Amino acid sequence: MSRVLSVENLGIGFRSEGQDFTVVRDVSFSLEAGETLALVGESGSGKSVTSLGVMGLLPPPPQSRTTGRIVLHSGDGDIELLDLPESRMRRLRGDRIAMIFQEPLTSLNPVHTIGDQIVEAIRSHRRVSRAKARARAVELLEQVGIPDPQDRLGTYPHELSGGMRQRIMIAIALALEPDILIADEPTTALDVTVQAQILDLLRRLQKDTGMAMLFITHDFGVVADIADRTIVMYAGQTVEEGRTGTVLSDPLMPYTIGLMNAVPRLETAGLKRGDLKTIEGFVPDPAALPQGCSFHPRCAFMQEGLCDTSPPSIEDAGGGHMVRCKRWRQIGEGRET
Amino acid sequence: MLTNTSPPAIAEKDRRWITSRPVRRFVRHRLAITGLVMISLIALLCVVGPWVLPHGMLDIHIRDRFSPPGTETYLLGTDEMGRDLAARLFMAGRVSLMVGIAAMVLSTFLGAVIGLVAGYFGKVIGTVLMRFTDAVLCFPQIFLLLVLAAFLEPNALMITIIIALTSWMEIARIVSAEIRSLRERDFITAARISGASHTWIMFRELLPNTIGPIIVAATLTVARAILIEAYVSFLGYGIQPPLPSWGNMLNNAQQFLDTAPWLAIVPGVAITLAVTSFNFIGDGLRDALDARSDLQ
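As the structure is a prediction and not an experimental result, all values here were calculated from the model.

**Brief notes about the overall build of chain A**
Reasoning step 1: A count of helices and strands for chain A gives 11 helices and 12 strands.
Reasoning step 2: Since a compact globule built from 337 residues should have a radius of gyration of about 20 Å, the 21 Å found for chain A is in line with a globular shape.
Reasoning step 3: Projected onto the principal axes, the alpha-carbon positions of chain A cover approximately 70 × 50 × 40 Å.
Reasoning step 4: Partitioning the intrachain contacts of chain A with sequence separation of at least 6 by distance along the chain shows that 64% fall at a separation of at least 24.

**Quick word on the overall build of chain B**
Reasoning step 1: A count of helical and extended segments in chain B gives 14 helices and zero strands.
Reasoning step 2: In sequence order, chain B lays out its α and β elements as α-α-α-α-α-α-α-α-α-α-α-α-α-α.
Reasoning step 3: In chain B, buried positions account for 44% of the 296 residues.
Reasoning step 4: Look at the contacts in chain B between residues 6 or more apart in sequence, and 70% of them connect residues 24 or more apart.

**Structural notes on the pairing of strand 6 (residues 97-101) of chain A**
Residue and element names in this part refer to chain A.
Reasoning step 1: Judged by how many residues are buried, strand 6 sits mostly within the fold: five of five residues are covered.
Reasoning step 2: Residue alternation in strand 6 divides its side chains into two sets, Ile97, Met99 and Phe101 and Ala98 and Ile100, and both sets are buried.
Reasoning step 3: In this sheet, strand 7 (residues 180-184) lies alongside strand 6 in parallel orientation, the contact comprising five bridges. Within the sheet, the bridge partner assigned to isoleucine 100 lies in strand 7 and is alanine 183.

**Details of the sheet that holds strand 7 of chain A**
Residues and elements named next belong to chain A.
Reasoning step 1: The strand order across the open sheet built from eight strands is 6-7-8-3-9-10-12-11, with neighbouring strands paired in mixed fashion. On the outer flanks of this sheet lie strand 6 and strand 11 (315-316), each paired with one strand and no other.
Reasoning step 2: When strand 7 meets strand 8 (residues 212-217), the two strands line up parallel, connected through five bridges. Each bridged residue has a counterpart across the sheet, and for leucine 181 the counterpart in strand 8 is methionine 213.
Reasoning step 3: In the packing of helix 1 (residues 47-55) onto the sheet, the strands contacted are strand 3 (36-40), strand 6, strand 7, strand 8 and strand 9 (229-234), and the crossing angle to strand 7 comes to about 150°.

**Comments concerning the domain arrangement of chain A**
Reasoning step 1: What the domain assignment reports for chain A is domain 1 (97-177) and domain 2 (253-336).
Reasoning step 2: Computed from C-alpha atoms alone, the centre-to-centre distance between domain 1 of chain A and domain 2 of chain A is 42 Å.

**Focus: the sheet that holds strand 5 (residues 77-80) of chain A**
The pairing of strands in a sheet happens through backbone hydrogen bonds and is either parallel or antiparallel.
All names here are of chain A.
Reasoning step 1: Here four strands make up an open sheet; going across it, the order is 2-1-4-5 and the pairing antiparallel. Bordering the open sheet on either side are strand 2 (19-32) and strand 5, each of which pairs with just one other strand. With direction set aside, neighbouring strand axes in the sheet form an average angle of 10°.
Reasoning step 2: As defined by bridge partners, strand 1 (residues 3-16) adjoins strand 2 across 10 bridges and the pair is classed as antiparallel. Of the residues in strand 2, the one forming a bridge with phenylalanine 14 is phenylalanine 21.

**Here's the deal with unusual backbone geometry**
Note on backbone geometry: most residues besides glycine have negative phi, and most peptide bonds are trans.
Residue and element names in this part refer to chain A.
Reasoning step 1: A positive phi angle, close to 55°, is found at aspartate 26, a residue other than glycine.
Reasoning step 2: Within the secondary structure, aspartate 26 is located in strand 2.
Reasoning step 3: Given 15 C-beta atoms within 10 Å, aspartate 26 falls into the partly exposed group.
Reasoning step 4: Residues other than glycine seldom take positive phi values, yet alanine 235 does so here, at roughly 50°.
Reasoning step 5: Position of alanine 235 among the secondary structure elements: in the loop between strand 9 and strand 10 (237-243).
Reasoning step 6: Its 24 C-beta neighbours within 10 Å are what place alanine 235 among the buried residues.

**Topic: the interface of chain A and chain B**
Reasoning step 1: Each side of the interface is counted separately: chain A has 20 residues, and chain B has 15 residues.
Reasoning step 2: The residue inventory of the side of chain A that touches chain B, partitioned by class, reads eight nonpolar, seven polar and five charged.

**Here's the deal with the pairing of strand 4 (residues 64-74) of chain A**
Residues and elements named next belong to chain A.
Reasoning step 1: Summarising the sheet, strand 1 and strand 4 pair through eight bridges and their orientation is antiparallel. Bridging across to strand 4, glutamate 8 finds its partner in arginine 69.
Reasoning step 2: Relative to strand 5, strand 4 is paired through four bridges, and the arrangement is antiparallel. Along strand 5, the bridge assignment pairs serine 74 with glycine 77.
Reasoning step 3: Linking strand 4 back to strand 5 in an antiparallel pair, the connection comprises two residues.

**Describing the nonpolar core**
Reasoning step 1: Counting 163 residues, the largest nonpolar core has A:Ile118, A:Ala171 and A:Ile180 as the members making the most contacts within it.
Reasoning step 2: Split by domain, the residues of this core number at least three in each of domain 1 (97-177) and domain 2 (253-336) of chain A.

**Remarks on the confidence of the model for chain B**
If pLDDT is low for a region, its predicted coordinates should not be looked at in detail.
All names here are of chain B.
Reasoning step 1: Confidence along chain B averages 81 in pLDDT terms, with 89% of residues attaining 70 or more.
Reasoning step 2: The least confident element of chain B is helix 14 (residues 291-294), whose mean pLDDT is 48; the most confident is helix 8 (residues 169-182), at 91.
Reasoning step 3: Confidence over residues 1-9 falls short of pLDDT 50; this stretch has one contact with residues more than four positions distant or in other chains.
Reasoning step 4: Reported for the predicted complex are a pTM of 0.76 and an ipTM of 0.77.

Parameters and conventions
Residues numbered from 1 in each chain as written. Chains lettered and ligands numbered in written order. Predicted model: local features only at pLDDT ≥ 70, side-chain atom pairs only at ≥ 80, totals over all residues. Helix = DSSP H or I, 4+ residues; strand = E, 2+ residues; numbered from the N terminus. Rg over C-alpha atoms; globule rule 2.2 N^0.38 Å. Contact = placed C-beta atoms within 7 Å. Buried ≥ 20, exposed ≤ 12 C-beta atoms within 10 Å, placed from the backbone. Pairing = 2+ DSSP bridges. Axes fitted to C-alpha atoms, helices over the stretch in contact; angles between N-to-C directions. Domains from an automatic or database assignment. Nonpolar A, V, L, I, M, F, W, Y, C, P; charged D, E, K, R; others polar. Core = buried A, V, L, I, M, F, W, Y, C linked by C-beta atoms within 7 Å. pLDDT = per-residue confidence, 0-100.

Given below as structure tokens:
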């Protein structure tokens, strides 16, 4: 497998009303071809901003500041995305890096047929004839599992269901065979059954094309289903990272544990009321982060004098399982006994 | 062989167009249809009228001057020089309607582009453009027109341009407001994500979504442009005789108001009919195209 994307020490801040907010701090990860990496976290943890940073879609300075490096390893050498002028970045967008997101219902232009939208997506990056692009559109619709693709080209978005529209979005994203697909909660707005179909589809397409996927979600069910590796983010930082199996079965950061306890489970639902644990409190305001570990005010394992003094650094708990917690050893031992 | 033959694709498309919701809503709007019929009739008369009438608009029949409507071959009577009023009315209609429609096209284009750019870019560009729009809007239109008309040679083309230059602001504001809300929609984010340029997003993604409000405003602009042309010509700064327009026919008529009232009534009714018809059509289109009911 070859590496397609490296993010090193990414920091993203915004300036609003004369105040600076840092919303992503020192995030590093890499993505291999054919691999799926999940970014998990609550709203406001910085996962979507990270993906916008990779797409180069953050507002221009001075409204936002980006530090660190984002490197795209493509066929024609390494490209430093953060140094790239907008005109070249635009050519990469939708071509080498594609993205699908949460709202399939509103992500298609209501006044153009879906055929036109796919054809234009292709022709905005490649010099191909309309007929050729149309043929490719039919092929793509077939690939994403839309029946009668030929007839569907002439339909308008409002004639299709949510699941269908997300399939169209996927078809558009895949039109140019990108190296990287960023999926920002692509199934959140869909029914559970449709959700499973879309995940299946993404998995199958990934196998066929060998693209890397950066999957942003807050749903651990989805993570378990699709991700090879998982990064848990909190207040703009990576707090836990590792192979999905390891992170889910053996979480060492109290935040991950809290998130997993907050997932409703079929076995316990209705049997023991009040069993569903939530994490008290909210994600801290990026302008006023707590001293020490940014999670300590909400943490069940908080130890005074340790967690509220200096920020924890990220440590390797073995086998690439990275944890940002001063007490991960005790937490790990506590589980074993 | 009568069963199971699928209709050809074009027929399918046609049927969809006819039964589409906006079209049905428009057809059901009685006033709008009345307006449409009236305008079509007026336009038809203006096109065909001067050919079929027995007298030309410039033929002077001094002995028949001030004939009331219905006299012999003079359908609508004659004026102070014995020229056939019907012939002049229809010829004037050509001029007035043409000026109105051309001014609408020009001002709609101008307003739409300014509104689009202002709404899309926002910030400094948007603020400057919209404040400029507000500033132009602050001038009393009629004085601006008269000042411009006094300096420029008053022919039909100039009048059209002047009217367009003083009536694009409303469309600019409508479009810019519309664009400001549309540009935050997900499909615009999606377009940016797939690498679309600013020009592409503005003209291909955003503009087609504002076509409803633009059509409505444009229709109402025709009505207003016709009225404005009438004012200006009435005041003597517009279309110059002997070329007739509805406005300068009124101007001519005022001195004979007590002796030959039809000279004022006939072009007056024509203006009223045309303007109200366009307004009705505009209202009907507004209801039919109400973007919110169709844009999901």
